[in-house]
Amino acid sequence: KGHADVLSSPRVTTKNSEQAVIKVIKEIRYPQAYEANQIQVANNSAGGGVAVASTLNVTVFTPADFQTREVGVLLTVTPTIGPDGYTIDLTLVPEVSELIEWHQYGAQTGGTSNFNASQPFFQTRTVTSKLVVWDGETVVLGGLIREELKDFNDKIPVLGDIPLLGKLFQSKGSNSTKKNLMIFITSRIVDSSGRPIHRKERPTLTSRGTAKAQTETAPATP
């Protein structure tokens, strides 16, 4: 069975036709280059009962040219109030980026020593949507799906290590997990103090296609 987790529930206010950005991210800092430096290390050895002092040249690599990458959920919203004063034109650009893995790049440094440089691999998913909504209505964006495959190798202790027969007590395979990010967006038209302009008014369309407000009132009691 699937389950849902709420990652964040932020609120943001922006001017008409001005872009707003919501970030739920973390920063990953990694080097883009490595500097090689030669240092001397003392090497004391004894041969034939005589101590011999010498030095060895060792190459030390220092990470440099660091870069910061943001990973997580980034949502860019540009709202524009329609000429009727009730509809909102929304331009939505959600972006989901995540760290996939760290890849090791090997390099020969001389002799038998090797140098491994770690570099990150990222994955980015993005969607651009343009739509018109009523003031106070909620829209849902989906389709940002990611599938993860994980291999497993289970066995019963002791019995799984028996030659030939041990395979009867082992289980190998892979699990597939799909994650679908759903984004719920509710747009409201507010005044300069942040209060909604249309509180109990419900817009409808007139015969000319323009918005007309209907106010909900409670029935009168005698």
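Residues numbered from 1 in each chain as written. Predicted model: local features only at pLDDT ≥ 70, side-chain atom pairs only at ≥ 80, totals over all residues. Heavy atoms only, no water.

Asks: Please give an account of the overall build of the chain that cites residues and values.
Replies: Counting its secondary structure elements, the chain contains zero helices and nine strands. The order of helices and strands in the chain, counted from the N terminus, is β-β-β-β-β-β-β-β-β. Within the chain, the fraction of its 222 residues that count as buried is 21%. Within the chain, residue pairs in contact and separated by at least 24 positions form 60% of the contacts whose partners lie at least 6 positions apart. (Helix = DSSP H or I, 4+ residues; strand = E, 2+ residues; numbered from the N terminus. Buried < 20%, exposed > 50% of the residue type's maximum accessible area, 1.4 Å probe, protein only. Contact = heavy atoms within 4.5 Å.)

Asks: Tell me about the packing of aromatic side chains, and name the residues and values.
Replies: This model, assessed by the stated rule, comprises one aromatic pair. Centroid distance Tyr30 to Phe122: 6.0 Å. Interplanar angle 45°. Geometry classified as tilted. Of this pair, Tyr30 sits in strand β1 (residues 20–47) while Phe122 is found in strand β4 (residues 114–126), placing the two residues 92 residues apart along the sequence. Residue class for Tyr30 comes out buried when judged on its relative accessible area of 9%. Using a relative accessible area of 22% as the deciding quantity, one classes Phe122 as partly exposed. Note that Arg69 overlies the ring of Phe122, its terminal NZ or CZ placed 4.4 Å from the centroid. (Phe/Tyr/Trp six-rings, centres within 6.5 Å; stacked < 30°, edge-to-face > 60°. Lys NZ or Arg CZ within 6 Å of the ring centre and 35° of its normal.)

Asks: Tell me about the environment of Met182, and name the residues and values.
Replies: Its location among the elements puts Met182 in strand β7 (residues 170–186). With 40 residues separating them along the chain, Met182 and Gly142 place their C-alpha atoms 4.7 Å apart. The residues contacting Met182, other than those within four sequence positions of it, are Val140, Leu141 and Gly142.

Asks: Which residues make up a nonpolar patch on the surface, and what values do they have?
Replies: Where nonpolar side chains cluster on the molecular surface, the patch consists of Ile156, Leu159, Ile162, Leu164, Leu165, Leu168 and Phe169 and spans about 690 Å² of accessible area. Secondary-structure assignment places Leu164 in the loop between β6 (138–155) and β7. On the basis of relative accessibility, which here comes to 80%, the residue Leu164 falls in the exposed class. (Patch = residues over 30% accessible without salt bridge, like charges linked within 9 Å, V, L, I, M, F, W, Y side chains within 5 Å. Areas by Shrake-Rupley, 256 points an atom, 1.4 Å probe, with all protein chains shown as cover. Salt bridge = Lys/Arg side-chain N within 4 Å of Asp/Glu carboxyl O.)

Asks: Account for the nonpolar core, naming residues and giving values.
Replies: Counting residues in each nonpolar core, the largest one holds 16 residues, and the members touching the most others are Leu75, Leu90, Leu92, Leu181, Ile183 and Ile185. Elements represented by at least two residues in this core include exactly β2 (50–81), β3 (87–108), β6 and β7. (Core = buried A, V, L, I, M, F, W, Y, C linked by side-chain atoms within 4.5 Å.)

Asks: Go over the environment of Tyr30, please, and point to the residues and values.
Replies: Sequence spacing of Tyr30 and Arg69 is 39 residues, and the spatial spacing of their C-alpha atoms is 8.2 Å. Residues in contact with Tyr30, not counting those within four places in the same chain, are Asp65, Phe66, Gln67, Arg69, Trp102, Gln119, Pro120 and Phe122.

Asks: Describe in detail the side chain of Ser187, supporting the description with residues and values.
Replies: The topology assignment puts Ser187 in the loop between β7 and β8 (201–205). Setting aside residues up to four positions removed in sequence, Ser187 forms contacts with Ile88, Leu90, Val133, Trp134, Asp135, Gly136 and Glu137.

Asks: Lay out the confidence of the model for the chain with the relevant residues and their values.
Replies: On average, the chain scores 77 in pLDDT, and the residues at 70 or more come to 79%. The secondary-structure element of the chain with the lowest mean pLDDT is strand β9 (residues 211–215), recorded at 44, while strand β5 (residues 129–134) shows the highest, at 91. (pLDDT = per-residue confidence, 0-100.)

Asks: Give a description of the pattern of salt bridges that names residues and reports values.
Replies: Close approach of charged atoms allows side chains of opposite charge to pair. What the rule picks out here adds up to four salt bridges. Among the ionic pairs, Glu98 bridges to Arg125, the shortest N-O distance being 3.2 Å. With a gap of 27 residues between them, Glu98 in strand β3 and Arg125 in strand β4 connect regions that are remote in the sequence. Neither residue differs from the other here; Glu98 and Arg125 are each classed as buried.

Asks: I'd love a proper account of unusual backbone geometry, names of residues and values included.
Replies: One non-glycine residue with positive phi stands out, namely Ser17, at about 70°. Within the fold, Ser17 resides in the segment before β1. For Ser17, a relative accessible area of 40% puts it in the partly exposed group. Unlike most non-glycine residues, Asp65 shows phi in positive territory, near 55°. Looking at the element boundaries, Asp65 is found in strand β2.

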